[in-house]
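Here is what each chain is made of, one letter per residue.
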Amino acid sequence: MQVESRGTITIDVERCKGCELCIPACPPDVLSMSTELNEKGYAYPELTPGCTGCGACLLICPDFVFEVYVYDKPVRHEVPA
Ligand code: SF4
Ligand code: SF4
């Protein structure tokens, strides 16, 4: 199965306080919380393919964890069906 990403994000894992606000805020639902914990002991978001670069995660995160980038051309990823 192919998934298209129109953008991507960076996740500053150590800034995250694990509030999970970003998870439902992501329109294509491509963020999920990690099973690993950061140095402060919090789970943090991880990105799966399909980011649109919309910036909703950046806007909602109280701890400035995200940077958002929009690709000039969409990138296609092959993912397990
Ligand atoms: S909104 Fe920010 S602080 Fe809250 S879980 Fe997401 S990345 Fe972490
Ligand atoms: S930029 Fe938009 S689509 Fe990408 S992870 Fe953040 S909320 Fe989701």
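In short, a report on the structure. Owing to the predicted nature of the structure, the values given are computational and were not obtained by experimental measurement.

### Notes on the site of ligand 2
Reasoning step 1: Close to ligand 2 lie 17 residues; Cys26, Cys51, Cys54, Ala56 and Cys57 are nearest.
Reasoning step 2: Tallied by class, residues from the shell around ligand 2 come to 13 nonpolar, four polar and no charged.

### Examining the environment of Cys54
Reasoning step 1: By secondary structure assignment, the location of Cys54 is in the loop between strand 3 (45–47) and helix 2 (56–60).
Reasoning step 2: On the basis of neighbour count, Cys54 is assigned to the partly exposed category, with 16 C-beta atoms found within 10 Å.
Reasoning step 3: Between the C-alpha atoms of Cys54 and Pro28, which are 26 residues apart in sequence, the distance is 9.6 Å.

### Describing the nonpolar core
Reasoning step 1: Formed by Ile9, Cys16, Cys22, Cys26, Leu31, Tyr44, Cys51, Cys57, Cys61, Val65 and Phe66, the largest nonpolar core amounts to eleven residues.
Reasoning step 2: Excluding residues that lie within four positions of it along the chain, Cys22 makes contacts with Leu31, Pro45, Cys57, Ile60 and Cys61.

### As for unusual backbone geometry
Reasoning step 1: The phi dihedral of Glu20 is positive, around 70°, even though this residue is not glycine.
Reasoning step 2: C-beta crowding within 10 Å serves as the criterion here: with 16 such atoms nearby, Glu20 is assigned to the partly exposed category.
Reasoning step 3: Positive phi, normally seen in glycine, also occurs at Phe64, with a value near 55°.
Reasoning step 4: By the secondary structure assignment, Phe64 is in the loop between helix 2 and strand 4 (66–78).

### Some thoughts on the site of ligand 1
Reasoning step 1: Inspection of the region around ligand 1 gives 13 residues, with Cys16, Cys19, Cys22, Cys61 and Val65 positioned closest.
Reasoning step 2: Among the residues making up the shell around ligand 1, the classes are represented as nine nonpolar, one polar and three charged.

### Digging into the pairing of strand 4
Reasoning step 1: Where burial is concerned, little of strand 4 is hidden: one out of the 13 residues are buried.
Reasoning step 2: Sheet topology places strand 1 (residues 2–11) next to strand 4; nine bridges connect them, and they run antiparallel. Considered in strand 4, the bridge of Gln2 is made with Glu78.

About the criteria used
- Residues numbered from 1 in each chain as written.
- Chains lettered and ligands numbered in written order.
- Predicted model: local features only at pLDDT ≥ 70, side-chain atom pairs only at ≥ 80, totals over all residues.
- Near = placed C-beta within 6 Å.
- Nonpolar A, V, L, I, M, F, W, Y, C, P; charged D, E, K, R; others polar.
- Helix = DSSP H or I, 4+ residues; strand = E, 2+ residues; numbered from the N terminus.
- Buried ≥ 20, exposed ≤ 12 C-beta atoms within 10 Å, placed from the backbone.
- Core = buried A, V, L, I, M, F, W, Y, C linked by C-beta atoms within 7 Å.
- Contact = placed C-beta atoms within 7 Å.
- Pairing = 2+ DSSP bridges.

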